[in-house]
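Observations on chain architecture
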Amino acid sequence: MPAADATSGFDAFFAREIAPWIAEKEVERRAVFRRTVWRAAPIIGTGLVAFAVSAQAIEGEDMRGFALFASVAIMVAGAAMFGSVLLWGRKFAEELSAKIFGHFGYAYSPDVPADFLEPFNRCHLLPGYSRKSLEDHVRGEAGGVPFELAEAFLERKVRRDKRDEYDLVFRGIVARYRFPKRFSGRTVLRADQGLLNALGHSGVSGERVRLEDPRFEKLFEVFSSDQVEARYLLTPAFMERMTALAETTAAPLQAAFEGGELLIAIDGRRGYFAQPSPWRDLGRGDHIRAFVEDIELIGDIAATLKLDTQTAV
């Protein structure tokens with residue numbers, strides 16, 4: 001189903017298939033939550049009572065410390081039982097995602113291929129990171145253009161006050177779209193970092209490419225292994241479309257041409273394809289609308305850049 005038709009028909013699809021299913025799942029969610037509370041509450045309560053008694057009745061410092069530690073351990077064990085609610089919520093989110101992405105004709109998996117970030121790293125579209133988390137692997141065709149994307153959460157380890165901490169350096173979408181023109185080199189579009197770009201390529205190989213579009217040049221620094229090929233790819237029309245995409249995403253955007261694909265990294269600093277919380281009523285519909293808007297971005301990228309065009313891209 002074309003993305004435009006899927007979007008226009010989503011309300012009917014939601015009312016017909018998703019809403020009744022969510023209502024059933026809400027009943028199931030409440031049962032899981034109640035069952036967990038009945039099991040966990042006595043354990044947590046026992047830990048609380050033991051903690052209070054230990055603090056007041058035990059005189060020996062060592063024994064009191066041990067008793068307090070044991071009391072806390074009991075409470076933690078009780079709280080850990082609520083993990084069953086989280087597991088239930090994760091399964092529900094995966095099923096909901098598969099249903100909604102399926103309506104748009106896309107295949108969904110919560111698991112992302114281990115090497116998915118490799119082309120983005122080769123092109124230096126992502127900042128240096130120490131650990132990563134990938135989720136929401138989606139693939140299919142947007143307007144006839146094959147694509148594949150995932151969400152990435154990247155952190156860099158830093159040393160502060162003699163301990164290791166992690167700073168968020170990227171949270172957003174990494175996407176790969178088939179590009180209609182054939183090319184053999186690598187051309188990278190990095191978000192303009194002003195003086196930082198002037199001081200060096202920040203690890204990007206190739207030569208700096210100067211282009212004639214002032215709006216585009218304000219947003220991107222271009223490096224390429226082939227100056228002629230870069231201009232063949234970055235036509236005036238395509239630069240205008242890329243500028244429009246960067247402005248509408250309202251988030252730092254970087255891109256690269258490699259291996260017959262257009263790679264795009266959008267650092268929205270937020271989670272995409274948000275899921276309902278298992279701690280709240282699943283019938284609250286605000287998350288569904290936000291979910292659909294994020295899915296529409298997949299088609300918007302292909303449409304804005306006209307990636308289905310075979311000539312004059």
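Scroll up a little and you will see the structure.
Residues numbered from 1 in each chain as written. Predicted model: local features only at pLDDT ≥ 70, side-chain atom pairs only at ≥ 80, totals over all residues. Heavy atoms only, no water.

1. Here we look at helix α10 (residues 286-305)
Our working definition: Each helix is a run of DSSP H or I of at least 4 residues and each strand a run of E of at least 2, with the numbering of both proceeding from the N terminus. In a helix, the anticipated span is given by 1.5 Å times the number of residues less one. Burial classes follow relative accessibility: with a 1.4 Å probe on protein chains only, a residue under 20% of its type's maximum area counts as buried, one over 50% as exposed, and anything between as partly exposed.
In this model α10 runs 29 Å from its N-terminal to its C-terminal C-alpha over 20 residues, within 8% of the 28 Å that 1.5 Å per residue would give. For α10, the full list of buried residues reads His287, Ile288, Phe291, Val292, Asp294, Ile295, Leu297, Ile298, Gly299, Ile301, Ala302 and Leu305. Two residues or fewer past α10, Lys306 is found with a positive phi of approximately 55°.

2. So, the pairing of strand β8 (residues 253-258)
This is how the line gets drawn: For two strands to be treated as a pair, DSSP must find at least two bridges joining them.
A large share of β8 lies buried, amounting to six of its six residues. Of the two faces of β8, the one lined by Leu253, Ala255 and Phe257 and the one lined by Gln254, Ala256 and Glu258 are each fully buried. Inspection of the sheet shows strand β5 (residues 187-191) paired to β8 by three bridges, in the antiparallel sense. Counterpart to Thr187 in the pairing with β8 is Phe257.

3. Some words on the side chain of Lys25
Condition: The contact criterion used is simple: two residues touch if any of their non-hydrogen atoms lie within 4.5 Å.
In this structure, Lys25 sits in helix α2 (residues 10-57). Not counting residues within four places of it along the chain, the set of residues in contact with Lys25 comprises Trp88, Phe92, Glu95 and Leu282.

4. Examining helix α4 (residues 83-103)
With 21 residues, α4 extends 30 Å between its outermost C-alpha atoms, agreeing within 8% with the 30 Å of an ideal straight helix rising 1.5 Å per residue. Here α4 has its buried residues at Val85, Trp88, Gly89, Phe92, Ala93, Leu96, Ser97, Ile100, Phe101 and His103. Immediately beyond the C-terminal end of α4, within one or two residues, lies Gly105, with a positive phi of roughly 85°.

5. What to know about unusual backbone geometry
At His124, a residue that is not glycine, the phi angle is positive and equals roughly 55°. By secondary structure assignment, the location of His124 is in the loop between α5 (118-122) and β2 (131-142). Its relative accessible area of 31% is what places His124 among the partly exposed residues.

6. Quick word on the packing of aromatic side chains
Note the cut-off: Think of it this way: a Phe, Tyr or Trp ring, Trp meaning its six-membered ring, pairs with another when their centres are within 6.5 Å, and the plane angle makes it stacked under 30 degrees, edge-to-face over 60, tilted otherwise. Criterion for a charge above a ring: Arg CZ or Lys NZ at most 6 Å from the ring centre, at most 35 degrees from the ring normal.
Across all of its chains, the model carries 20 aromatic pairs by this definition. An angle of 5° between the planes, with centres 5.4 Å apart, marks the rings of Phe101 and Tyr108 as stacked. Of the two residues examined, Phe101 and Tyr108, each falls in the buried class. A network of ring pairs unites the aromatic residues Phe10, Phe13, Phe14, Phe104, Tyr106, Phe147 and Tyr177 as a single cluster. Across from the ring centre of Trp21, 5.0 Å away, lies the NZ or CZ of Lys99, which sits over that ring. The ring centre of Tyr166 lies 3.6 Å from the NZ or CZ of Arg131, which sits over that ring.

7. Concerning the sheet that holds strand β9 (residues 261-266)
Strands belonging to one sheet form pairs held by backbone hydrogen bonds; the direction of such a pair is parallel or antiparallel. As a reminder, the rule being used: Axes, fitted as lines to C-alpha atoms, cover a helix only where it is in contact. Angles between the N-to-C directions of the axes lie from 0 to 180 degrees.
In spatial order, the strands read β1-β2-β3-β4-β9-β8-β5-β7-β6; together these nine strands make up an open sheet with antiparallel pairing. The outermost strands of the open sheet, each flanked by one partner alone, are β1 (107-109) and β6 (207-209). Neighbour-to-neighbour, the strand axes of the sheet open up by a mean angle of 20°, direction not taken into account. Sheet strands touched by helix α9 (residues 236-249): β5, β7 (220-224), β8 and β9. Its angle to β8, the strand with the most contacts, is close to 145°. Set on the sheet, α10 makes contact with β2, β3 (145-160), β4 (163-178) and β9; between it and β9 the angle comes to about 125°.

8. A short note on the packing of α9 against α10
The cut-off we apply is this: Any angle from 65 to 115 degrees is called roughly perpendicular, while one under 35 is roughly parallel, one over 145 is roughly antiparallel, and all others are oblique.
Remark: α9 packs on α10, axes separated minimally by 8 Å, with the N-to-C direction vectors making an angle of 155°. The angle between the axes of α9 and α10 places the two elements in the roughly antiparallel class. On α10, the residues that touch Phe238, Arg241, Met242, Ala244, Leu245 and Thr249 of α9 are Leu297, Ile301, Thr304 and Leu305.

9. Points about the environment of Val85
When you line up the elements, Val85 lands in helix α4. Taking relative accessible area as the criterion, Val85 reaches 2% and is therefore assigned buried.

10. Considering the pattern of salt bridges
Any two side chains of opposite charge can pair, on the condition that their charged atoms come close. How we decide: Salt bridges are defined as contacts in which a side-chain nitrogen from Lys or Arg sits within 4 Å of a carboxyl oxygen from Asp or Glu.
On inspection of all chains with the given rule, the structure shows 20 salt bridges. Residues Arg30 and Glu26 are paired through a salt bridge, measuring 2.7 Å at the closest nitrogen-oxygen approach. Remark: Glu26 and Arg30 occur in helix α2; sequence separation between them is four residues, near one turn of the helix. You can call Arg30 partly exposed: its relative accessible area is 41%. Members of the salt-bridge network, linked through shared partners, are Glu26, Arg29, Arg30 and Asp281.

11. Some thoughts on the nonpolar core
What counts, and what does not: The definition of a nonpolar core used throughout is a set of buried Ala, Val, Leu, Ile, Met, Phe, Trp, Tyr and Cys residues joined through side-chain atoms within 4.5 Å.
Grouped together as the largest cluster of nonpolar side chains are 61 residues, with contacts concentrated most on Met242, Leu262 and Ile298. At nine residues, the largest contribution of residues to this core is made by α10. If you look at the next biggest cluster of nonpolar residues, it comprises 20 residues, including Phe120, Cys123, Phe170 and Ala265.

None of this, on its own, says anything about what the molecule does.
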